[in-house]
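As a plain string of letters, each chain reads:
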Amino acid sequence: MGKMKWLSQMIEDGTFDNRFVPAYEKAFNNNKSFFTYAGSTYTVRQARAMISIAATVQRENSMESLKKLER
């Protein structure tokens with residue numbers, strides 16, 4: 001599954017805000033450069049970019065825009 005499709009599913013089901021973001025925050029607060037979530041390893045920088053995309057999607061209520069990136 002592509003990362004954008006995975007991201008859109010997590011936003012829709014709430015796991016992004018409830019699980020992914022806390023995992024990122026824990027790594028960031030402990031000065032880690034990467035963390036593992038759902039069997040994949042992410043750098044703090046990658047996670048920050050994903051959080052930025054998700055925030056834009058949620059703020060603009062533009063889930064359809066994210067779904068276009070899935071293709």
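Residues numbered from 1 in each chain as written. Predicted model: local features only at pLDDT ≥ 70, side-chain atom pairs only at ≥ 80, totals over all residues. Heavy atoms only, no water.

**Observations concerning the nonpolar core**
Here's step 1: Ranked by internal contacts, the top residues of the largest apolar core, which has 17 residues, are Trp6, Phe16, Phe20, Phe35, Tyr37, Tyr42 and Met50.
Here's step 2: Mapped by element, the contributors of at least two residues to this core are helix H1 (3-13), helix H2 (15-29), strand S1 (34-37) and helix H3 (44-60).
Here's step 3: Apart from residues no more than four positions distant in its own chain, phenylalanine 20 is found in contact with Trp6, Met10, Thr15, Phe35, Tyr37, Tyr42, Ala47 and Met50. (Core = buried A, V, L, I, M, F, W, Y, C linked by side-chain atoms within 4.5 Å. Buried < 20%, exposed > 50% of the residue type's maximum accessible area, 1.4 Å probe, protein only. Helix = DSSP H or I, 4+ residues; strand = E, 2+ residues; numbered from the N terminus. Contact = heavy atoms within 4.5 Å.)

**Describing the side chain of threonine 15**
Here's step 1: Assignment of secondary structure puts threonine 15 in helix H2.
Here's step 2: Reaching out from threonine 15, the side chain makes a polar contact with the side chain of aspartate 13 at a distance of 2.8 Å.
Here's step 3: Leave out the neighbours within four places in its chain, and threonine 15 touches Met10, Phe20 and Tyr37. (Polar contact = N/O pair within 3.5 Å; in protein donor to acceptor, adjacent residues only side chain to side chain.)

**Side note on the packing of aromatic side chains**
Here's step 1: Across all of its chains, the model carries 9 aromatic pairs by this definition.
Here's step 2: Consider the rings of phenylalanine 20 and tyrosine 37, whose centres lie 5.4 Å apart with planes at 90°: the pair is edge-to-face. Of the two residues, phenylalanine 20 sits in helix H2 while tyrosine 37 sits in strand S1, which places them 17 residues apart along the sequence.
Here's step 3: Residue classification places tyrosine 37 among the buried positions, given a relative accessible area of 14%.
Here's step 4: Aromatic rings pair up to connect Trp6, Phe16, Phe20, Phe35, Tyr37 and Tyr42 into one cluster. (Phe/Tyr/Trp six-rings, centres within 6.5 Å; stacked < 30°, edge-to-face > 60°.)

**A word on the packing of H2 against H3**
Here's step 1: In the contact formed by H2 and H3, the axes pass within 10 Å of each other and the chain directions differ by 145°. Between H2 and H3 lies a crossing whose hand is left-handed. Every residue of H3 that contacts H2 at Phe16, Asp17, Phe20, Val21, Tyr24, Ala27 and Phe28 is listed here: Val44, Ala47, Arg48, Met50, Ile51, Ala54 and Gln58.
Here's step 2: Within the contact of H2 with H3, the residues separate by chemical class into 11 nonpolar, 1 polar and 2 charged. (Axes fitted to C-alpha atoms, helices over the stretch in contact; angles between N-to-C directions. Left-handed = near helix turned anticlockwise from the far one by under 90°. Nonpolar A, V, L, I, M, F, W, Y, C, P; charged D, E, K, R; others polar.)

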